[in-house]
Amino acid sequence: MKKTIGIVGGGAAGMMAAILAARNGAYVTLLEGNDRVGKKLLSTGNGRCNLSNRNMGLEMYHTNSPRRLEGWLNQFTTEDITELFRSLGVLTKPIGDGLYPVSGQASSVLDALRFELEREQRILVRTDFRVDRISCADGKKQIQLWKGGEKLVFDRVILACGGRAAPKTGSDGSGYRLAEMLGHSLVPIVPALVQLRCREDWFKSVTGVRAEAELLLEDHKTGRIQERGELQLVDYGISGIPVFQLSGRINYILREKKEAALKIDFLPGYAKEDFPEKMIRERMPVENCGTVEEYFTGVLHKKLMTLLIKLAGLRPSEPAAGADLQRIRKVYALCRELTVHVTGSNSFEHAQVCAGGVPLDELTECLESKKAPGVYFAGEILDVDGRCGGYNLHWAWCSGYLAGVFAAQESACLHRRTQNQRFSHGED
């Protein structure tokens, strides 16, 4: 008898799991709470769908079980993703280190996945089906899924129901409740890849400013972390890629403290040694510059420069020739190190992913639950979150692929096969 597999969640990981389980001979029912599958996928990569990244490594992810994660990442690489999507008819191209569909459209990736779900006779897709209960039948190797009074029974189940980020796309955290019903614990769940809110009251004066910057986070647990990229200043705090990269770690710090300090360097391309004195020597003498504002013109964005002048205790309109030289030095110093105090982040509604989830050490090497044999996990529900740049979508494909194959196979381990065998359509 062929295995029957129920997959909870029709996102990237769930669709991938369904396709690979069917290709490996299983009969699959894909259960999606929304009225259609893949809703969250359409927003990835700003609508262009950053499928993966060629600069792949364990250091691109956060988890409490790095060795376990590394083993799975090694089994499904960026090259594997390229080959798999080619088997679905999707051509890819590199942009920088990122891997994108040639079409430049997330919708074309979703269409290819949907067409494969429809083409594969061993897959049944049920939408508007939000699972609210899971149980393992006593004395039987079967898993029961419930929606209200309706019960479905399967040989295997894959939980790929996402996390809590972007709940409008269907990620409402229900998967965590299902995991807890099975006896799993949860690593605390916080928003990641999200904007940060700061204590300072001057942010409204620089709203809309974008600047290349380097951010430094120092903490006794996380150590010293630096991120560089385009910083966006908003009325409540900071945004942009470098902020997103730090946000998950900062939210964990905030769980234990009231705030976290970030140091911002607005001139990361310049050497710091003797910086204020060198700038003073090389710039036009203050006596030839008119006002303080005119003296600092051209260093940074005008709004930002005006703010730093005021924070240093100077008035932009006062004559530069009569300005306190120590305060002139302080303006330059603030260009290199402006400290802001983070008090929180935007909510899950604004986050791209979650940090935390089901611990990896509660799963076998085959992504199978140690608490409830026959139940597998994939995607964001697990304690894995990646950096910006296609890493979270890569994890969805990777874990979905592996969970689908493992759940469908009789053996407990995935045997490496040739690319053609791995990505070919299964035979009855």
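Bear in mind that the values here come from a model prediction, so they are computed numbers and not experimental data. (Residues numbered from 1 in each chain as written. Predicted model: local features only at pLDDT ≥ 70, side-chain atom pairs only at ≥ 80, totals over all residues. Heavy atoms only, no water.)

**Student:** Would you take a moment to explain the packing of aromatic side chains for this structure?
**Tutor:** Aromatic rings considered in pairs are described by the distance between their centres and by the relative angle of their planes. As enumerated under the stated definition, the model contains eight aromatic pairs in all. Cluster of aromatic residues (ring-pair linked, three or more members): Tyr295, Phe296 and Tyr332. In this structure, Arg133 packs its charged tip against the face of Trp146, placed 4.1 Å from the ring centre. Above the plane of the ring of Tyr236 lies Arg197, whose end atom (NZ or CZ) is 4.2 Å from the centre. (Phe/Tyr/Trp six-rings, centres within 6.5 Å; stacked < 30°, edge-to-face > 60°. Lys NZ or Arg CZ within 6 Å of the ring centre and 35° of its normal.)

**Student:** What's the story with the sheet that holds strand β5 (residues 92–95) in this structure? I'm lost.
**Tutor:** In sheet architecture, strand pairing relies on hydrogen bonds along the backbone and comes in two forms, parallel and antiparallel. Strands sit in the order β3-β6-β5 across an open sheet of three strands; the sheet is antiparallel. Lying at the two open borders of the sheet, with one neighbouring strand each, are β3 (52–53) and β5. As judged from the four bridges shared by β5 and strand β6 (residues 98–101), these two strands associate in the antiparallel manner. Bridge assignment links Thr92 to a residue of β6, and that residue is Pro101. (Pairing = 2+ DSSP bridges. Helix = DSSP H or I, 4+ residues; strand = E, 2+ residues; numbered from the N terminus.)

**Student:** Teacher, can you tell me more about the pattern of salt bridges here?
**Tutor:** Scanning the model with the defined rule gives 23 salt bridges in all. Across the salt bridge formed by Arg122 and Glu120, the nearest N and O atoms sit 3.5 Å from each other. There is no split in this pair, since Arg122 and Glu120 are both buried. With a closest N to O distance of 3.0 Å, Arg224 and Glu218 form a salt bridge. (Salt bridge = Lys/Arg side-chain N within 4 Å of Asp/Glu carboxyl O. Buried < 20%, exposed > 50% of the residue type's maximum accessible area, 1.4 Å probe, protein only.)

**Student:** Looking at this structure, I do not really get the side chain of Arg23. What am I missing?
**Tutor:** By the element assignment, Arg23 lies in helix α1 (residues 12–23). On the accessibility criterion, Arg23 (5% relative accessible area) is buried. In this structure the side chain of Arg23 is engaged in a polar contact, spanning 3.4 Å, whose partner is the side chain of Ser87. Engagement of the side chain of Arg23 in a polar contact is seen with the side chain of Glu116, the distance being 3.4 Å. (Polar contact = N/O pair within 3.5 Å; in protein donor to acceptor, adjacent residues only side chain to side chain.)

**Student:** Before we go on, may I ask you to explain the sheet that holds strand β18 (residues 338–345) in this structure?
**Tutor:** Around the barrel, which closes on itself, the six strands sit in the order β13-β16-β15-β14-β17-β18 with antiparallel pairing between neighbours. Along the sheet, successive strands turn relative to each other by an average axial angle of 45°, direction set aside. Sheet topology places strand β14 (residues 210–219) next to strand β15 (residues 223–234); ten bridges connect them, and they run antiparallel. The partner of Leu216 across the bridge, within β15, is Gln226. Across the sheet, helix α6 (residues 241–256) touches β13 (196–198), β14, β15, β16 (237–239), β17 (260–265) and β18, and the angle it forms with β15 is around 120°. Against the sheet, helix α10 (residues 325–336) engages β17 and β18, with an angle of about 110° to β17. (Axes fitted to C-alpha atoms, helices over the stretch in contact; angles between N-to-C directions. Contact = heavy atoms within 4.5 Å.)

**Student:** Would you mind showing me how to read unusual backbone geometry here?
**Tutor:** It is generally the case that most residues other than glycine have a negative phi and that most peptide bonds are trans. One non-glycine residue, Ala166, adopts positive backbone phi at about 50°. Summarising the element assignment, Ala166 is placed in the loop between β11 (156–159) and α5 (174–181). Of note in this structure, Leu367 is not a glycine but carries a positive phi near 65°. Looking at the secondary structure, you find Leu367 in the loop between β19 (353–357) and β20 (375–377). On the basis of relative accessibility, which here comes to 0%, the residue Leu367 falls in the buried class.

**Student:** Is there a simple way to explain the pairing of strand β12 (residues 187–192) in this structure?
**Tutor:** Counting buried positions along β12 yields five of six residues, so the element is predominantly enclosed. Bridge count for β12 against β19 is four bridges, and the pairing is antiparallel. Considered in β19, the bridge of Val187 is made with Gly357.

**Student:** Sorry, what's going on with the nonpolar core here?
**Tutor:** Note that soluble globular proteins tend to have their nonpolar side chains buried in a common cluster. By size, the foremost hydrophobic cluster in this structure holds 89 residues, and its most contacted members are Leu41, Phe85, Leu159 and Trp397. Per-element accounting of this core gives the leading share, 13 residues, to helix α11 (residues 391–408). Beyond its immediate sequence surroundings of up to four residues, Leu159 is in contact with Val8, Ile134, Leu178, Ala179, Leu182, Val375, Tyr376, Phe377, Ala378 and Ile381. Ranked by size, the runner-up nonpolar core spans 48 residues in total, among them Ala211, Leu217, Phe266 and Val342. (Core = buried A, V, L, I, M, F, W, Y, C linked by side-chain atoms within 4.5 Å.)

**Student:** Before we go on, may I ask you to explain helix α2 (residues 66–75) in this structure?
**Tutor:** Residues three or four positions apart in an α-helix share a direction because the helix packs 3.6 residues into each turn. Along α2, the residues classified as buried are Leu69, Trp72, Leu73 and Gln75. One side of α2 carries all its buried residues, which in axial view fall inside an arc of 160°. Every exposed residue of α2 that faces more than 90 degrees away from the buried side is listed here: Arg67 and Asn74. (Arc of directions from axis to C-beta.)

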